[in-house]
Amino acid sequence: EGSPERHSKKKVVAVVGGGLVGALNACFFAKRGFDVEVFETREDIRQAKIVKGRSINLALSHRGRQALKHVGMEEKIVSQGIPMHARMIHSLSGKQSPIPYGKKGQVNLIILSQNTSLLFAEYVIYKIRPVCHVAAVSHRPDGSTEEVEADLIVGCDGAFSAIRKQFLRRSRFNYSQTYIPHGYMELTMPPINGEFAMKPNYLHIWPRNTFMMIALPNMDKTFTCTLFMPFEEFEKITTGDEVIEFFQKYFPDTIPLIGADALRRDYFRLPAQAMVSVKCSPYHIGDKCVLMGDAAHAVVPFYGQGMNAGFEDCIVFDEIMDQFNAVLPEYTRVRVPDDHAIADLAMYNYIEMRAHVNSKWFLFRKHVDNFLHFLMPRAIIPLYTMVTFTRTRYHEAVERWHWQDKVINRGLLFSAAGAVLGGSYVLIKNPPDINKLISPAEKMWNRLVALRTP
Ligand code: FAD
């Protein structure tokens, strides 16, 4: 960072983007003894009077923690977070039902607040107009420019990456982006008498089919509520009264907790934000430039894995550096299928979180999966557990999930068929009074129909 070592013989790594992934990556490269320079468009947020942007708090899970651990930062970050044990589903009537993430005592998620990224901010420096290959052109706040020689340019400049734009000019670079019809808006739920307004160690969810709201706790005892809804629905609400009417209809239990006046005001404070899913490949150009984090794979936020996947990119790259000479092509080979798998899973969860958590069949299957995992912890592992609590490669987790699903569904079918056959045998051997039978049979049928409802 402008130090005399910059002119030393050490290999120079230019990390473009000092967000979560860029800052962590800088630590990884620095730990390996590279001369690291980080280029960041935004000013140093430690010195800024007003921090632009949003206060998104993030769920940090196993993959992200492992990456932090690698550079000795795990405890520092985790101690600033709040553990989450389960989801808490809020029904329309205000009833709250917890759905645990994994087994009791399993390592849980930690919420990071935006402040946590301040720990990384010492790497934040100038603006940059990045150019691939050996040189990056830096535009300093005074308008001057500088050619920066770098042995490796690492593009960690987020979902709208300027580095990735350089890739787009090249042949055989695959790229796709999808905006989902939903946007998101953040609202704050203040503490009540100095305490959290709801139980803090949960991801609170209000699933309402085509839209939903979630709330995550912050260290200052507030909750950040994020409303996910189609843009056209956001736009339909144009007055404070309409905001209250909408919340009264769908999230009545939150009105006294957020506060009617705050709702009327805050709904119009900032417009709803878009969410994009980006897939591309390859992640590298020659031996000079590589993409990581959202620059390589922006995912929709419904698996809580965007940052975790980006952090895991850093650890995978580091592991490959230990084993291969041609690091960049190997990184693309290993990482693309995994990042594409988590992008697809996040999209799948986009539907699951809104609709399926209300479904009896979904809840039943979750219980069956968790029970089988309890009985056979190595043979059956729920998808969520593999993604969130292990470093199983994302694409392997998906393959295993499909296999397990097939096996469990077949098992359930055979068990049901076995129960029917067994029951029939008993009935034939000991015919009961037909009048007593009708009501329980009817009940069982209704229950089966209910369980199959998606
Ligand atoms: P960014 O955080 O976008 O950082 C990129 C940085 O590059 C920025 O600082 C930017 O200023 C800088 N930059 C951009 N262009 C240039 C340039 N030309 N030159 C220099 N610098 C530049 N992930 C989780 O793991 N768990 C969650 O619970 C979770 N929840 C989320 C909730 C929401 C609503 C959203 C939108 C995302 C969520 N994510 C979550 C995803 C997570 O926020 C991102 O995956 C993560 O921020 C990606 O980090 P990054 O460093 O790759 O990109």
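Residues numbered from 1 in each chain as written. Predicted model: local features only at pLDDT ≥ 70, side-chain atom pairs only at ≥ 80, totals over all residues. Heavy atoms only, no water.

Engineer: Sorry if this is basic, but what is going on with the overall build of the protein chain here?
Structural biologist: Secondary structure summary: the protein chain contains 15 helices and 18 strands in total. Going through the 454 residues of the protein chain one by one, you find that 48% of them count as buried. Excluding contacts between residues fewer than 6 apart, the proportion of contacts in the protein chain whose partners are at least 24 apart in sequence is 71%. When the accessible surface of the protein chain is split by element, carbon and sulfur atoms take 57% of a total near 23000 Å². (Helix = DSSP H or I, 4+ residues; strand = E, 2+ residues; numbered from the N terminus. Buried < 20%, exposed > 50% of the residue type's maximum accessible area, 1.4 Å probe, protein only. Contact = heavy atoms within 4.5 Å. Areas by Shrake-Rupley, 256 points an atom, 1.4 Å probe, with all protein chains shown as cover.)

Engineer: What's the story with the environment of R269 in this structure? I'm lost.
Structural biologist: Along the chain, R269 turns up in the loop between α8 (260-266) and β16 (273-281). Residues R269 and F389, 120 residues apart in the sequence, show an inter-C-alpha distance of 36 Å.

Engineer: Is there a simple way to explain the packing of helix α1 (residues 20-31) against helix α2 (residues 62-70) in this structure?
Structural biologist: Helix packing geometry: the angle between the two helix axes and the distance between the axes. The geometry of α1 relative to α2 is characterised by a closest axis approach of 10 Å and an angle of 40° between their N-to-C directions. One element, α1, and the other, α2, form an angle in the oblique class. Along this stretch, α1 crosses α2, giving a crossing that reads as left-handed. Taken together, the residues of α2 that come into contact with α1 (itself represented by L24, F28 and K31) are A67, L68 and H70. When grouped by side-chain class, the residues that make up the contact of α1 with α2 number 4 nonpolar, 1 polar and 1 charged. (Axes fitted to C-alpha atoms, helices over the stretch in contact; angles between N-to-C directions. Parallel < 35°, antiparallel > 145°, perpendicular 65-115°, else oblique. Left-handed = near helix turned anticlockwise from the far one by under 90°. Nonpolar A, V, L, I, M, F, W, Y, C, P; charged D, E, K, R; others polar.)

Engineer: Please clarify how the pattern of salt bridges should be interpreted in this entry.
Structural biologist: A side chain with one charge can pair with a side chain of the opposite charge if their charged atoms come near. Evaluation of the coordinates by the stated rule reveals 17 salt bridges. Measuring nitrogen to oxygen at the nearest pair gives 3.2 Å for the salt bridge that ties D287 to K288. K288 sits in the partly exposed class, given a relative accessible area of 26%. Among the ionic pairs, E312 bridges to R391, the shortest N-O distance being 2.9 Å. One end of the pair, E312, is in helix α10 (residues 306-323); the other, R391, is in the loop between α13 (383-389) and α14 (394-429), with 79 residues separating them in the sequence. (Salt bridge = Lys/Arg side-chain N within 4 Å of Asp/Glu carboxyl O.)

Engineer: Got a minute to help me understand the pairing of strand β14 (residues 211-217) in this structure?
Structural biologist: Here is the key point about a regular strand: its side chains alternate between the two faces of the sheet. Among the 7 residues that make up β14, 7 are buried, leaving the element largely enclosed by the rest of the structure. The side-chain alternation of β14 yields two buried faces, one formed by F211, M213, A215 and P217 and the other by M212, I214 and L216. Sheet topology places strand β13 (residues 202-208) next to β14; 5 bridges connect them, and they run antiparallel. From the neighbouring strand, R208 faces β14, where its bridge partner is F211. Between β13 and the antiparallel strand that follows it, β14, lie 2 residues; N209 among them carries a positive phi value of about 60°. In this sheet, strand β15 (residues 223-230) lies alongside β14 in antiparallel orientation, the contact comprising 6 bridges. Within β15, the residue paired with I214 across the bridge is T226. The turn linking β14 back onto β15 is made up of 5 residues, and K221 within it adopts a positive phi angle of 70°. (Pairing = 2+ DSSP bridges.)

Engineer: Looking at this model, I keep getting lost on helix α12 (residues 360-375). Mind explaining?
Structural biologist: Since there are 3.6 residues in each turn of an α-helix, residues three or four apart along the chain are aligned in direction. Spanning 16 residues, α12 covers 22 Å between terminal C-alpha atoms, matching the ideal 22 Å at 1.5 Å per step. Listing the buried residues of α12 in full gives F362, R365, V368, D369, L372 and H373. One face of α12 carries all of its buried residues, which in axial projection span an arc of 135°. Exposed residues pointing more than 90 degrees away from the buried face of α12 are listed as K360, H367 and F374. (Expected span 1.5 Å × (residues − 1). Arc of directions from axis to C-beta.)

Engineer: What is the right way to read the sheet that holds strand β12 (residues 174-189) from this model?
Structural biologist: Either a parallel or an antiparallel arrangement is found when strands of a sheet pair, and the pairing is made through backbone hydrogen bonds. The strand order across the open sheet built from 7 strands is β6-β5-β13-β14-β15-β12-β16, with neighbouring strands paired in mixed fashion. At either end of the open sheet lies a strand with only one pairing partner, and these are β6 (96-100) and β16. For this sheet the average axis-to-axis angle between neighbouring strands, irrespective of direction, equals 30°.

Engineer: Help me understand the pairing of strand β1 (residues 12-16) in this model?
Structural biologist: Most of β1 sits out of view: 5 of its 5 residues are buried. A two-sided burial pattern is seen for β1, the buried positions comprising V12, A14 and V16 on one face and V13 and V15 on the other. Relative to strand β2 (residues 35-39), β1 runs parallel, the two being bridged by 5 bridges. Pairing of V13 across the sheet is with V36, part of β2. You can see the chain leave β1, run along α1 and come back into β2, and the turn it takes is right-handed. Of the pairings in the sheet, the one linking β1 to strand β11 (residues 152-155) comprises 4 bridges and is parallel in character. By the bridge assignment for β11, V13 is matched with L152. (Right-handed = clockwise from strand over helix to strand, strands pointing away.)

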